[in-house]
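Summary of structural features
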Amino acid sequence: MVALVPSLLRQELANLAAQDQRIDGRAQFEARELTLETDCLYNAEGSAKVTWGDTIIYAGVKFEMRTPWPDRPAQGSLMCSAELRPIAGRKYEPGPPSPESIELSRVVDRGIRESNCIDMDKLCIIPGEKVLGVMIDIHVLSDQGNIFDACALGAIAALRTAIVPAERFDIGEDYPLTVSMTPTMASFTRVGGRYVLDANEEEELGGDERIHITLGDEGHLHSLQKGLRGTLTPAEFAEILEVAQSRCAELAELVNSKEA
Amino acid sequence: MVALVPSLLRQELANLAAQDQRIDGRAQFEARELTLETDCLYNAEGSAKVTWGDTIIYAGVKFEMRTPWPDRPAQGSLMCSAELRPIAGRKYEPGPPSPESIELSRVVDRGIRESNCIDMDKLCIIPGEKVLGVMIDIHVLSDQGNIFDACALGAIAALRTAIVPAERFDIGEDYPLTVSMTPTMASFTRVGGRYVLDANEEEELGGDERIHITLGDEGHLHSLQKGLRGTLTPAEFAEILEVAQSRCAELAELVNSKEA
Amino acid sequence: MVALVPSLLRQELANLAAQDQRIDGRAQFEARELTLETDCLYNAEGSAKVTWGDTIIYAGVKFEMRTPWPDRPAQGSLMCSAELRPIAGRKYEPGPPSPESIELSRVVDRGIRESNCIDMDKLCIIPGEKVLGVMIDIHVLSDQGNIFDACALGAIAALRTAIVPAERFDIGEDYPLTVSMTPTMASFTRVGGRYVLDANEEEELGGDERIHITLGDEGHLHSLQKGLRGTLTPAEFAEILEVAQSRCAELAELVNSKEA
Amino acid sequence: MGGYGDIQLLREDGLRLDGRKVDEMREVVIEAGVLPAADGSAWVKHGLNIAVCAVYGPMEAHPRKIQRQDRAVIDVRYNMAPFSTSDRIRPGFNRRSREISKVTAEALESVVLVERYPRSKIRVEIEILAAEAGTRCVGLTAAAVALADAGIPMRDMIVGVAAGKVEDTVVLDLDKAEDNYGQADLPMGILPTTGEIAFLQMDGDLSVEEYNTCLEYNMKAAKEIHAIQIDALKRRYEQKMGGGV
Amino acid sequence: MGGYGDIQLLREDGLRLDGRKVDEMREVVIEAGVLPAADGSAWVKHGLNIAVCAVYGPMEAHPRKIQRQDRAVIDVRYNMAPFSTSDRIRPGFNRRSREISKVTAEALESVVLVERYPRSKIRVEIEILAAEAGTRCVGLTAAAVALADAGIPMRDMIVGVAAGKVEDTVVLDLDKAEDNYGQADLPMGILPTTGEIAFLQMDGDLSVEEYNTCLEYNMKAAKEIHAIQIDALKRRYEQKMGGGV
Amino acid sequence: MGGYGDIQLLREDGLRLDGRKVDEMREVVIEAGVLPAADGSAWVKHGLNIAVCAVYGPMEAHPRKIQRQDRAVIDVRYNMAPFSTSDRIRPGFNRRSREISKVTAEALESVVLVERYPRSKIRVEIEILAAEAGTRCVGLTAAAVALADAGIPMRDMIVGVAAGKVEDTVVLDLDKAEDNYGQADLPMGILPTTGEIAFLQMDGDLSVEEYNTCLEYNMKAAKEIHAIQIDALKRRYEQKMGGGV
């Protein structure tokens, strides 16, 4: 029965795609409505809540003072970690991090890290002794499709509004973290044979491979990832990359509008 | 079948309770016989064996020299940990600590810790550099009911007879650890609808919720815990608290009689 | 069915043994052909590949600079670890180290460690501050019987050809590690009621207990281990010990022929 | 409890540092039905604490060995988000969370009519997003609302409340400073209609008299929070019926 | 990517430090059928990288919950041997390996005719014995050969290749220094016959134009490596038939 | 073995530091039936070592995959209590304990008539409460008594004993100092009636002649300890029959 329902769903999605339609009425490259709140969590030094259709995630930034890695004595560090705990949906189970949650964490992390939006040298307090570690934790509360884009958005929004708690560390007055870029992600899922932007939960259940594209301020690529079974052609990629360009610019603008 | 036997047992226990009787002939608030031996383990710096009816536990104290926590540079530490290894009974299985063993550890730990019977400041050897850590490990060898009280008794008895191995740490001559109070625990289980003191294994199998009360020298409460499914009324609690007062005083006297 | 096939195999092996024969035509104390290659892995500071019949293993040596153990401030350390990952055969499963892989690691480790072929004092760079740790990792790629002897051979061969990467650690020029002895292992398996040298995979499947004997340069015993269900008599042990003497001398000669 | 040191927690005028009276609780705000993926859910802000709870089920209990022939098991996970506290919490195994999860599950099993769902499992996921003392109580309050929102039958609600002692004075609903420097904490899970106690822990130092005062404060607060729970569920019901947001 | 600092990676003559042209790959050597215990296997040396892959199966999928009614699952473990890198790698759980295993499995499921083996499992064990940048690609190349050696039907081979950027120049097949100090890396798993992409990752910084050049280089290299794969399988087939070693 | 340094382990008069002769073992005290919760149990004090062993079963073997169609499996856990050694041992996974558990189980399977209980499991829980060198042997001695106390049929008892070498002299039953500073240790599990060896380990340095002397000492000690085992079981039997304590 588990195999049956998805196969019926796949058929339905294929029929809709043949008529250039989607199951919730959206156009092929139309995203769901979303709201972004920042500075919403006591105790987090930067925070964001993303309500993206029926998907809800929180991101929180914490700083810690630590000793630098021996091979990088004058650099701080950045870590982005997404937890897919059982609260996120009926299908999630307790236990050690699943491959899915590791992939989510690492793809979101790479998008931010590889954009070089954080200058690791500026996180150094005393070379060889004290550097700041920036930890972005993302918490998925309700997964109703496309958590990758929601998590990436929450992460960069929390980071861009983060305040370094310098007083707590006895290193002067609190100050906003410098973040020089706004990398954002656009994800595409093959549904009914063609790629759609921002698949919802049903489309993910009855769809195939996903492509995650993270772009920076000038439309440069900072991270790519193909997930799940399926292949794509170079021409298909060229098409969705173009969609991603305009979509990521929109998302970056939304994030930038939240800053102090 | 697993469900059947307990239900017959529950019926039997209810019938007995209705006649103010218990399955092993004891009165409602009568405990089983117990013996307490101390100083019984080579290599432990304090030790106790408790034979409590057919329940048998050992407790051993070890000290370690360690660096203090950054936020408490002049304080040592205390940790009490109970292991419920598979030797303890047919129902125990190997694996990571079960919720039951974590609860046992933490309830016993809180009773001792919250009584402030150990002055953490006195465990400091060199502020910011060296402090003593006191570790009480409890090992249940035979669980035939009410391991909480047996473990709490063994833990405080091992602690009160512990010798700080100062010579081994090169900090002078060995000396007895100062312990300023004798917190002990009295546990009550709802059996056949009413609370009894010191349930045996059958009463636990056919009973409901348990209340663990740890009292210190002046009858002050230091730790409470309700475990398992079931509720109690404030009036019921008041009644068992009174029983706990005299029971804990007895147990403390027994512990105090073992000291050098 | 799982139980049936081994029982037929056991019968076959017993019949063969009664005629002083083995399933692959070898004599009772005849080993399979083997080849030993060294210096075969980029990034390992010493390496060996052993092809032993259809069994294939790699061993690699890595050094690390570390702080000494407090109780041995002027001594380096040696660790030998064998991984039985699922690549090794159909029966191997992913997960934490199995008892089999722990036993393999520890028996190989003891043979090398207890021969004292490495002078731990010579691994000290700055007493109390910096010592070298030598790590031999063994990786079984194809288990077709007698991985113990193959792993022991690969480990000592990798060790004897290892170069200390002194330049990388800023402590002078690279130099060959001094290894003063060549401990090797000979393993015997009871097959069809009698012991054979170097059992292949079928003989292990239909056989009983194994005896692992590690001998050093003068035929001294450095490690013994009995594994699996079964017993042996002192007289049986005396017989295989004699075989082990000549076998280990051969293997040591092979290893010694590989050195620069 | 940290025991009290040089920190003054009660003002000259007898009020507490944040202006509350000794028997006054922090503000509590509750919303039901906040998580679309869940069968029932709740969001509780209690002082600066934020707890979110999702309920899934009743569903088949697996693995088989956790099944109970005669009733449902309630599988609670209480978890603090890494960013919920002043120092980041590392995700993963945590003895404190395991204990709280266990006693919370047992408290909920005391009110849910678990006999109606033999061999099944009800998952209760409590996530603390912001912590300011008293999170186990806030989680319990949220769980009760989420269970009700999921339509799980219960013989009563549960309210999580705590009283404690600071500077030898019994106070209701300790905040962060009071928790850090206070002398005792008595968290309870109270059935507001019957006054039964389903959840009980305590640490620190309390005389029997002080215990009784704590109990009295907790009972009073339970009624107040219960009203807020009911109100949230009513709003949720109206929203569902009215087809609002 | 480390981003580029003072290290010069391109020579005055436009060639790379090891003398390769920008669109030239490292030497690749492949052998099939190297592990007697396995149903299929391959050994790939790519530059100084060494990957060995064993395939076991198809076999019954257990535990039951990983079974798929309509197809086989491919269970990939990509693992780096402790001695494969400059600093020893501790055995055990490793987030990087888990991610690579997942996306590698998904890439292989895209070419293996998994529908032919419902409810079964194919184990693919990739072990990196020596690492010199690009190991996930080398592992993918090895896995495809090992699957073919095991007789598992596939609709095409897969080749793992990577292009990237150093000193603002697109280059094919980054070596260790280029990986450490370069600006971008684009590993792909390419179906050599159809040109489809089954594996795709990327990190660093690439403009769209640079991406297109990377793609072109990768496609070219895929054909070259594919020829070496086919050659190894032919030799293996002849060996089996001829009975030679 | 630590190898011998400046520590003198043999006195001028040829006796050992604790006054024992070279072929003299430490005092051994055994009690059977000490744990009410277990099906069989034993307590062994050997020198200052204390081992306690509980046996549960035969019982159904689960999980299913550990079942053997033709016999029982013996599931041994050898564990050192945290307080059993000079430096506290952290509870949890421990490679040494796993190895000892494995070879102990295999030794016991060599004497228990496991064919009588197909598809079942016998749990043997060995806990070391105090350690003073030789704990694996003490645990083995205790396990054999506990199995007998549980009524599990065996073709012989097993006795755990060890000889070794200190200052180039073979000695029986190394104590803590001898173990720390000695040159070799040869622990054996001996069937006292037949003289067969069911457990065998050794580390250090022994010539063949020294090995033979160790063997001779071990065989002699096995008979002595066996008598103490039998005596404990007799007392236990009388206690059961006589209805004593």
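Our subject in this report is the structure included herewith.

1. Comments concerning the overall build of chain A
Regarding its fold elements, chain A presents five helices and 12 strands. With the C-alpha coordinates of chain A rotated into their principal frame, the extents come out at 60 × 40 × 35 Å. In chain A, the share of contacts with a sequence separation of at least 24, taken over all contacts with a separation of at least 6, comes to 69%. Split by element, the accessible area of chain A, about 10,400 Å² in all, is 51% carbon and sulfur. Each charge sign in chain A was given a centre, from 25 positive and 42 negative side chains, and these centres are 4 Å apart.

2. Considerations on the overall build of chain D
Within chain D one finds four helices and nine strands. The order of α-helices and β-strands along chain D, N terminus first, is β-β-β-β-α-β-α-β-β-α-β-β-α. A compact globule built from 245 residues should have a C-alpha radius of gyration of about 18 Å, and chain D, at 18 Å, falls within 12% of that. Overall size of chain D, expressed as C-alpha extent along the three principal axes, is 55 × 40 × 35 Å. Per-residue burial for chain D yields a buried fraction of 60% across its 245 residues. At a minimum sequence separation of 6, the contacts of chain D that also span at least 24 residues come to 70%. For chain D, the exposed surface amounts to about 9,300 Å²; the carbon and sulfur share of it is 48%. Separation of charge centres in chain D, based on 31 positive and 38 negative side chains, amounts to 9 Å.

3. Here we look at the interface of chain E and chain A
Contacts between the two partners involve 37 residues from chain E, matched on the other side by 33 residues from chain A. Taking both partners together, chain E and chain A bury about 2,900 Å²; carbon and sulfur atoms supply 55% of that area. For the pair chain E and chain A, the interface holds five salt bridges. Summed over the shared surface of chain E and chain A, the number is 19 residue pairs in polar contact (both at pLDDT 80 or more). Of all the secondary structure elements, the ones that give two or more residues to the side of chain E that touches chain A are helix H1 (95-109), strand E9 (197-206) and helix H4 (208-242) of chain E. Of the residues forming the side of chain E that touches chain A, the biggest block, 10 residues, is contributed by E9 of chain E. Broken down by class, the residue content of the side of chain E that touches chain A amounts to 17 nonpolar, six polar and 14 charged. Both strand E12 (residues 221-227) of chain A and E9 of chain E contribute to a ladder of four bridges, which runs antiparallel. Within E9 of chain E, the residue paired with serine 223 of chain A across the bridge is aspartate 203 of chain E.

4. Focus: the interface of chain B and chain D
Between chain B and chain D, the contact holds 33 residues from the first and 37 residues from the second. Across the chain B/chain D interface, buried area totals approximately 2,900 Å², and carbon plus sulfur atoms make up 55% of it. At the boundary of chain B and chain D, one finds five salt bridges. A salt bridge links glutamate 103 of chain B to lysine 102 of chain D; its shortest N-O distance comes to 2.6 Å. At the boundary of chain B and chain D, one finds 19 residue pairs in polar contact (both at pLDDT 80 or more). Secondary-structure elements contributing two or more residues to the side of chain B that touches chain D are helix H2 (99-114), strand E11 (210-215), strand E12 (221-227) and helix H5 (234-256) of chain B. Here the side of chain B that touches chain D takes nine residues from H2 of chain B, the largest share from any one element. Grouping the constituent residues of the side of chain B that touches chain D by class yields 13 nonpolar, 11 polar and nine charged.

5. Considerations on the state of the cysteines
Residues and elements named next belong to chain D. On inspection of all chains with the given rule, the structure shows zero disulfides over all chains. No disulfide involves cysteine 53; its nearest neighbouring cysteine sulfur is the one of cysteine 137, lying 15 Å away. Residue cysteine 53 is classed as buried on the basis of its relative accessible area of 0%.

6. Some thoughts on the sheet that holds strand E4 (residues 73-80) of chain E
Residue and element names in this part refer to chain E. In space, the five strands of this open sheet follow the order E1-E2-E3-E5-E4, with mixed pairing throughout. In this open sheet, the two edge strands, each paired with only one partner strand, are strand E1 (28-32) and E4. Neighbour-to-neighbour, the strand axes of this sheet turn through a mean angle of 15 degrees, independent of strand direction. Relative to strand E3 (residues 49-60), strand E2 (residues 40-46) is paired through seven bridges, and the arrangement is antiparallel. Residue pairing for E3: alanine 42 is matched across the bridge by cysteine 53. Packed onto the sheet, H1 meets E4 and strand E5 (120-130) and runs at close to 140 degrees relative to E4. On top of the sheet, H4 reaches E1 and E2; it is set at about 30 degrees to E1, its chief contact.

7. Some points on the packing of helix H1 (residues 95-109) of chain F against helix H2 (residues 135-149) of chain F
Between two packed helices, both the angle of their axes relative to each other and the distance between the axes serve to describe the pair. Residue and element names in this part refer to chain F. One can describe the packing of H1 onto H2 by two numbers: an axis separation of 11 Å at closest approach and a directional angle of 40 degrees. The pairing of H1 with H2 is recorded here as oblique in orientation. Crossing of H1 against H2: the hand is right-handed. Counted together, Arg96, Ile100, Thr104, Ala107 and Leu108 of H1 and Thr135, Arg136, Leu140, Ala143 and Leu147 of H2 form the full contact between these two elements. A per-class count over the contact of H1 with H2 returns six nonpolar, two polar and two charged.

8. Section: the environment of methionine 219 of chain E
By the secondary structure assignment, methionine 219 of chain E is in helix H4. With near-sequence residues (within four places) excluded, methionine 219 of chain E lies in contact with Pro234 of chain A together with Ile190, Gly195 and Ile197 of chain E.

9. Looking at the arrangement of the chains
When C-alpha atoms are compared, chain B and chain C, though not in contact, are closest at a spacing of 13 Å. Where chain C comes nearest to chain D, the C-alpha atoms are still 17 Å apart, and the two do not contact one another.

10. Comments concerning the pattern of salt bridges
Residues and elements named next belong to chain B. Per the stated rule, a full pass over the model turns up 132 salt bridges over all chains. Between arginine 22 and glutamate 203 there is a salt bridge whose closest N-O contact spans 2.9 Å. Highlighted residues: arginine 22 in the loop between helix H1 (4-18) and strand E1 (34-38) and glutamate 203 in helix H4 (residues 201-205), separated in sequence by 181 residues. Neither residue differs from the other here; arginine 22 and glutamate 203 are each classed as buried.

11. Details of the sheet that holds strand E6 (residues 159-166) of chain F
Within a sheet, adjacent strands bond to each other through the backbone by hydrogen bonds, running parallel or antiparallel. With antiparallel pairing, eight strands are arranged side by side in an open sheet as E10(C)-E9(C)-E11(C)-E12(C)-E9(F)-E8(F)-E6(F)-E7(F). Edge positions in the open sheet fall to strand E10 (194-197) of chain C together with strand E7 (169-172) of chain F, since each of these has one partner strand only. Across the sheet, the axes of successive neighbouring strands diverge by a mean angle of 20 degrees, strand direction being ignored. Its contacts with the sheet put H2 of chain F on E6, strand E8 (184-190) and strand E9 (197-206) of chain F, and the angle it makes with E6 of chain F is roughly 160 degrees.

12. What to know about the packing of aromatic side chains
Under the counting rule described, the total for this entry stands at six aromatic pairs over all chains. Seen in terms of ring centroids, phenylalanine 237 of chain A and tyrosine 211 of chain E are 4.8 Å apart; in terms of plane orientation they differ by 40 degrees. Their pairing is tilted. Of this pair, phenylalanine 237 of chain A sits in helix H5 (residues 234-256) while tyrosine 211 of chain E sits in helix H4, placing the two residues on different chains. Its relative accessible area of 1% is what places phenylalanine 237 of chain A among the buried residues. Over the aromatic face of tryptophan 69 of chain A sits the side chain of arginine 66 of chain A, whose NZ or CZ is 4.2 Å from the ring centroid.

13. Let's talk about H2 of chain F
Its 15 residues place the ends of H2 of chain F 21 Å apart at the C-alpha level, agreeing with the 21 Å of an ideal helix rising 1.5 Å per residue. Most of H2 of chain F sits out of view: 13 of its 15 residues are buried.

Conventions adopted
- Residues numbered from 1 in each chain as written.
- Chains lettered and ligands numbered in written order.
- Predicted model: local features only at pLDDT ≥ 70, side-chain atom pairs only at ≥ 80, totals over all residues.
- Heavy atoms only, no water.
- Helix = DSSP H or I, 4+ residues; strand = E, 2+ residues; numbered from the N terminus.
- Contact = heavy atoms within 4.5 Å.
- Areas by Shrake-Rupley, 256 points an atom, 1.4 Å probe, with all protein chains shown as cover.
- Lys, Arg positive; Asp, Glu negative; His and termini not counted.
- Charge placed at Lys NZ, Arg CZ, Asp CG, Glu CD.
- Rg over C-alpha atoms; globule rule 2.2 N^0.38 Å.
- Buried < 20%, exposed > 50% of the residue type's maximum accessible area, 1.4 Å probe, protein only.
- Buried area = accessible area lost by both parts, 1.4 Å probe.
- Salt bridge = Lys/Arg side-chain N within 4 Å of Asp/Glu carboxyl O.
- Polar contact = N/O pair within 3.5 Å; in protein donor to acceptor, adjacent residues only side chain to side chain.
- Nonpolar A, V, L, I, M, F, W, Y, C, P; charged D, E, K, R; others polar.
- Pairing = 2+ DSSP bridges.
- Disulfide = S-S within 2.5 Å.
- Axes fitted to C-alpha atoms, helices over the stretch in contact; angles between N-to-C directions.
- Parallel < 35°, antiparallel > 145°, perpendicular 65-115°, else oblique.
- Left-handed = near helix turned anticlockwise from the far one by under 90°.
- Phe/Tyr/Trp six-rings, centres within 6.5 Å; stacked < 30°, edge-to-face > 60°.
- Lys NZ or Arg CZ within 6 Å of the ring centre and 35° of its normal.
- Expected span 1.5 Å × (residues − 1).

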